[in-house]
Amino acid sequence: MNSFSFDLIHHDSKLSPFYDQSKTESELSKEALIRSLNRLNRFNSSMLRDAKYVESDLTIGDYLMSIYIVFGCDEAHQGDFKDGVQGVVGLGPGPLSLVSQVGNKFGESANKLSYCLVEKPLELHSKIKFGSDLTLYKQNTEYTVQFKPSPPHTSYHLNLEAISVNDEKIEIPNKKHDMIVDIQTSLTSLPSNIYNEFIAKVKKHFGDAHSIEEPEHGTCFLKRQVDGLERPKVVFHFSGLSESHGDFPVNPSTIFQENVEYMCLTIVRKDGVSILGNRAQVDVQMLFDLSTHSLTFAALNCIKVSF
């Protein structure tokens, strides 16, 4: 076996069973935000796992797959599934995820998955691949970091050491903060003590631009004041192999989500489990290797290259 791939269909794209042409882009963005906030809340709930049963919230996120590749079943499930969706594809390191089951069937070398998310998911499709021969596209700069492999983790837990805004570092206390990589949550979240320093540097970048705190959107800036300004450069610094670290660049064009009047950050304040959401992962090729418990990534224009 070499590899196989799927299209990642965004929840609101024309090929999605949930596509509603009567809704404006602003309305779709608001609904996506609500889905993301709901997922952030659910990550703080506990999950029970054993060999026979999995208990978790089965909810619709941002991306869908069409599978024709059907196997496995559950005896009972509940969640806010809608017509057109029959289940959830697990992509984590747990034993019941799709990548783990592929690896169990074809050997540990097949325990890999890679994806590259495009900037315009409503118009263009991202790709996700599984297999044994997956590598990063030809890159000059790539980083490898470790994720926590021990049970009961069924998500990819990274250690966040620091955050840079325009090359000014925000040091994390003791250089230890748990952050989950999640493809189905659009927003990235940080706890209050880290977010307060982060937003202070973002506001410094925009100078006199007026900002507000909205319950549904987090920190927002008046669109007419910041629309033509350069976006801040944001980098997450994760623990790497041995004494190294991984510098994860956030695509500047995805740091904000626009509505009619405001531009709102896609990095929000949320105490509890921190999430690296899919908007932060746009134009970064991600390669997870379950056999070595590692994530290798590099900045990549996911539209222009044949991933």
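Worth saying up front: this structure is predicted, and the values here are computed from it rather than measured.

Enquirer: A description of the sheet that holds strand β17 (residues 262–265) should follow, citing residues and the corresponding values.
Expert: Overall, antiparallel pairing links the four strands, which are arranged β12-β13-β17-β16 in an open sheet. Since the sheet does not close on itself, it has two edges, and those belong to β12 (211–214) and β16 (256–258), each with one partner. Neighbouring strand axes in the sheet, compared pairwise and without regard to direction, differ in orientation by 35° on average. Where β16 and β17 come together, three bridges link them in antiparallel fashion. Counted as the bridge partner of Glu-258 is Met-263 from β17.

Enquirer: I'd love a proper account of the environment of Pro-252, names of residues and values included.
Expert: Position of Pro-252 among the secondary structure elements: in the loop between β15 (245–250) and β16. With a relative accessible area of 38%, Pro-252 lands in the partly exposed category. For Pro-252 and Pro-232, which are 20 residues apart along the polypeptide, the C-alpha to C-alpha distance reads 6.8 Å.

Enquirer: So, the pattern of salt bridges: which residues are in play, and what are the values?
Expert: Within this structure, the stated rule accounts for five salt bridges. One salt bridge connects Lys-204 with Glu-168, and the closest N-O pair in it is separated by 3.0 Å. Here the residue Lys-204 occupies a position in helix α3 (residues 192–206), and Glu-168 occupies one in strand β9 (residues 168–171), the gap between them amounting to 36 residues. Given the relative accessible area of 56%, Lys-204 is considered exposed. Given a relative accessible area of 31%, Glu-168 falls into the partly exposed group. One salt-bridge network, held together by shared partners, links Glu-168, Lys-201 and Lys-204.

Enquirer: Pulling in residues and values, what's your account of the confidence of the model for the chain?
Expert: Chain-level pLDDT for the chain is 80 on average; 75% of the residues reach the 70-or-more range. Here strand β2 (residues 48–49) is the element of the chain with the lowest mean pLDDT, 41, and strand β14 (residues 234–239) is the one with the highest, 95. Confidence drops under a pLDDT of 50 for residues 46–57, and excluding neighbours within four residues, the segment shows twelve contacts in the predicted structure.

Enquirer: So, the state of the cysteines: which residues are in play, and what are the values?
Expert: Using the criterion set out here, one finds two disulfides in the structure. The side chain of Cys-116 participates in a disulfide bridge whose partner is Cys-302; the two sulfur atoms lie 1.9 Å from each other. The S-S bond linking Cys-116 to Cys-302 shows a torsion near -65°; that makes this disulfide left-handed. With Cys-116 in strand β5 (residues 112–116) and Cys-302 in the segment after β21 (294–299), this pair connects stretches of sequence that are 186 residues apart. Its relative accessible area of 8% is what places Cys-302 among the buried residues.

Definitions and limits used
- Residues numbered from 1 in each chain as written.
- Predicted model: local features only at pLDDT ≥ 70, side-chain atom pairs only at ≥ 80, totals over all residues.
- Heavy atoms only, no water.
- Pairing = 2+ DSSP bridges.
- Helix = DSSP H or I, 4+ residues; strand = E, 2+ residues; numbered from the N terminus.
- Axes fitted to C-alpha atoms, helices over the stretch in contact; angles between N-to-C directions.
- Buried < 20%, exposed > 50% of the residue type's maximum accessible area, 1.4 Å probe, protein only.
- Salt bridge = Lys/Arg side-chain N within 4 Å of Asp/Glu carboxyl O.
- pLDDT = per-residue confidence, 0-100.
- Contact = heavy atoms within 4.5 Å.
- Disulfide = S-S within 2.5 Å.

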